[in-house]
Amino acid sequence: MNLRIAPSGLIFIAFWLFGLINNVLYVVNLSAAIDLVGPLVPKATVLLADVMPSFLIKLCAPFFVHVIPYNVRISIFVVLSFLGMTVVALSDSIGFKLLGIVLASISSGLGELSFLQLTHFYGEISLAGFSSGTGGAGLVGSFAYLVFTTWVGLSVRSTLLLFSVAPTVFWIAYYIILPKPEVVSVTTGGVEYRAIEEQDPESRIMGASTDLDDVVAALEPKKPRFDSFSVTLARLRPYVVPFMAPLFLVYISEYIINQGISPTLLFPIEEMPFTKYRDAYVTYGTLYQLGVFISRSSSAFVRIRRVYIPSLLQALNLVVVIYQSLYMVIPNVYLVMLLVFYEGLLGGASYVNTFLLVSETVPLQDREFAMGSVGISDSAGVVCAGLISMWLEKYLCGYQKSTGRPWCELP
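Residues numbered from 1 in each chain as written. Predicted model: local features only at pLDDT ≥ 70, side-chain atom pairs only at ≥ 80, totals over all residues. Heavy atoms only, no water.

**Describing the pattern of salt bridges**
Applicable threshold: For salt bridges, the criterion is a side-chain nitrogen of Lys or Arg within 4 Å of an Asp or Glu carboxyl oxygen. Exposed residues in this analysis have more than 50% of their type's maximum accessible area, buried residues have under 20%, and partly exposed residues fall in between, with area computed by a 1.4 Å probe over protein chains only.
Scanning all chains against the criterion turns up 8 salt bridges. One salt bridge connects Arg-278 with Asp-279, and the closest N-O pair in it is separated by 2.9 Å. Exposure remark for Arg-278: the relative accessible area of 10% places this residue in the buried category. A single network of salt bridges, built from pairs that share partners, joins Asp-35, Arg-278 and Asp-279.

Now the structure itself:
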């Protein structure tokens with residue numbers, strides 16, 4: 001018996017899986033940071049290896065990515081992610097572990113940019129699915145790592161090897177689940193562009209083939225294979241203030257919190273519901289990702305069009321947690337957990353509402369480029385956060401030791 005699903009449902013499922021798998025390894029590596037490098041090495045070392053290659057790929061991709069077919073990109077994601085996680089799991093040296101994280105990061109960066117571009121051909125339902133999937137990746141990755149390593153007692157190596165096979169889901173989502181977009185003509189400024197139209201709910205059957213790249217090739221007018229540097233910068237400029245700046249602010253704030261400050265948000269072990277101090281770091285990561293998942297999945301219910309609001313609130317959070325790390329003004333760990341959860345809500349809300357605003361306000365002929373390019377700002381924020389956190393965590397930990405709180409160096 002064939003399982004019939006409406007095209008909008010198939011689109012949502014496919015893009016939800018794209019978001020989930022593209023981000024889950026990134027989250028797992030961050031959750032494993034304390035186990036990969038130990039308590040004495042700044043966790044921002046892992047953050048930089050996890051995000052710097054992704055940022056560089058996003059920075060360069062607008063100049064060339066349009067010449068790579070989507071089916072080729074999908075295979076690149078699978079191979080790089082699998083190799084990267086295998087190297088991380090099986091290596092004993094920190095250097096090789098970081099190399100594996102770099103490989104997975106390249107896949108994640110090109111993947112996020114590509115899937116955001118692909119939403120241009122499938123409408124708002126695809127963006128909602130992808131955003132929710134990326135939020136789900138945070139929750140699945142951090143919670144699964146917490147469960148496997150802390151509750152079940154599985155080794156870090158075995159846990160990472162389990163996650164190394166996850167990228168094969170890309171092939172299933174792309175070749176089996178994702179429908180082929182139908183094409184309608186739209187004329188803008190005397191030039192004909194193409195977009196999708198609503199499909200007959202009975203026209204797609206789970207398991208039907210998808211020849212997406214042939215359709216994508218027909219959707220846009222012919223353009224040069226490579227844009228010049230000046231042309232690409234000129235195309236980027238209108239997106240800096242309304243979209244990229246607030247996204248940068250929210251990401252630099254939250255990742256300084258996550259990687260530079262949260263390892264120092266500790267209390268005496270008898271005052272926390274943990275047996276090891278490293279469990280606090282992993283738990284904070286899970287609560288943050290829970291907040292991200294909820295807010296990234298909330299666009300159908302809550303819309304924020306003034307995207308600077310969550311960015312400014314996140315910057316305020318940064319000030320609060322720095323003060324907490326220095327002076328312990330919040331009296332117990334449970335209130336800190338609530339603050340970390342709230343941090344995740346703000347971060348996820350900023351992400352989904354920014355890209356929804358792009359899809360609603362950028363002209364059709366520029367939308368694919370804009371969706372891929374605005375994502376540069378979140379990676380830029382994470383890279384800057386990682387560089388700052390390399391110094392900040394050491395400073396905060398040193399200050400705590402000087403005031404009789406050596407917990408940040410304990411396992």
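**Things to note about the UniProt feature "transmembrane region" (unreviewed entry) in the protein chain**
Using the following cut-off: UniProt positions are given in the numbering used here, feature names are shortened, and annotations may be inferred rather than shown by experiment. Under the DSSP-based scheme used, a helix requires at least four consecutive residues in state H or I and a strand at least two consecutive residues in state E, with every element numbered from the N terminus.
Listed under "transmembrane region" (unreviewed entry) in the UniProt record, and renumbered for this structure, are residues 12-34, 46-68, 74-91, 125-148, 160-177, 307-327, 333-357 and 369-392. Helix makes up 94% of residues 74-91 and strand 0%. Its end C-alpha atoms lie 26 Å apart. Across residues 369-392, helical content stands at 100% and strand content at 0%; the span's end C-alpha atoms are separated by 36 Å.

**Some points on the nonpolar core**
For the record, the criterion: Residues belong to one nonpolar core when they are buried, are Ala, Val, Leu, Ile, Met, Phe, Trp, Tyr or Cys, and are joined through side-chain atoms within 4.5 Å. For the purposes of this description, domain bounds are those given by an automatic or database domain assignment. When checking whether two residues touch, look at their non-hydrogen atoms; a contact exists if any pair is within 4.5 Å.
If you look at the biggest cluster of nonpolar residues, it comprises 111 residues, and the most contacted ones within it are Phe-18 and Tyr-255. In terms of residue count, helix α1 (residues 7-31) provides more of this core than any other element does, 14 residues in total. Three or more residues apiece are contributed to this core by two domains, here domain 1 (1-180) and domain 2 (231-410). Aside from chain neighbours lying at most four places away, what touches Phe-18 is Ile-74, Phe-115, Leu-118, Phe-130, Phe-170, Ala-173, Tyr-174 and Leu-178.

**Thoughts on the environment of Gly-136**
By the element assignment, Gly-136 lies in helix α6 (residues 124-152). Residue class for Gly-136 comes out buried when judged on its relative accessible area of 3%. Distance in space between the C-alpha atoms of Gly-136 and Val-292 is 8.1 Å, their sequence separation being 156 residues. Ignoring any residue separated from it by four or fewer positions in sequence, one finds Gly-136 in contact with Leu-20 and Phe-293.

**Here we look at empty space enclosed by the protein**
Put simply, the rule is: As defined here, a cavity is a set of points on a 1 Å grid over the protein atoms alone where a 1.4 Å probe fits but cannot get out. A pocket is an open set with protein on both sides within 12 Å along at least five of seven lines, and residues line them when an atom is within 4 Å of a point. Grid points are joined across faces, edges and corners, and a volume is the space filled by probe spheres set on the points. Ten residue types, Ala, Val, Leu, Ile, Met, Phe, Trp, Tyr, Cys and Pro, are classed as nonpolar, four, Asp, Glu, Lys and Arg, as charged, and the remainder, Gly among them, as polar.
Under the counting rule described, the total for this entry stands at 4 cavities of 30 Å³ or more. Here the largest cavity is characterised by a volume of approximately 290 Å³. Lining of the largest cavity is provided by 24 residues; of these, Asn-23, Tyr-26, Glu-112, Tyr-251 and Tyr-255 occupy positions nearest its centre. Looking at the lining of the largest cavity, the elements with two or more residues in it are α1, α3 (44-60), α5 (94-118), α6, α11 (240-261), α12 (278-296) and α15 (364-402). Partitioning the lining of the largest cavity into residue classes produces 9 nonpolar, 9 polar and 6 charged. Formed jointly, the lining of the largest cavity draws a minimum of three residues from each of two domains, domain 1 (1-180) and domain 2 (231-410). In this structure, the second largest cavity spans a volume of roughly 180 Å³.

**As for the side chain of Ser-377**
Just so we agree on the cut-off: Counting of polar contacts relies on pairs of N or O atoms within 3.5 Å, with two restrictions inside protein: one atom must be capable of donating a hydrogen and the other of accepting it, and residues adjacent in sequence are counted only when both atoms are side-chain atoms.
Following the sequence through the fold, Ser-377 ends up in helix α15. Side-chain polar atoms of Ser-377 contact the backbone oxygen of Val-374, separated by 2.7 Å. Not counting residues within four places of it along the chain, the set of residues in contact with Ser-377 comprises Met-244, Leu-247 and Phe-248.

**Regarding unusual backbone geometry**
The backbone of Met-328 sits at a positive phi, close to 55°, despite the residue not being glycine. Mapped onto the elements, Met-328 comes out in the loop between α13 (308-327) and α14 (333-361).

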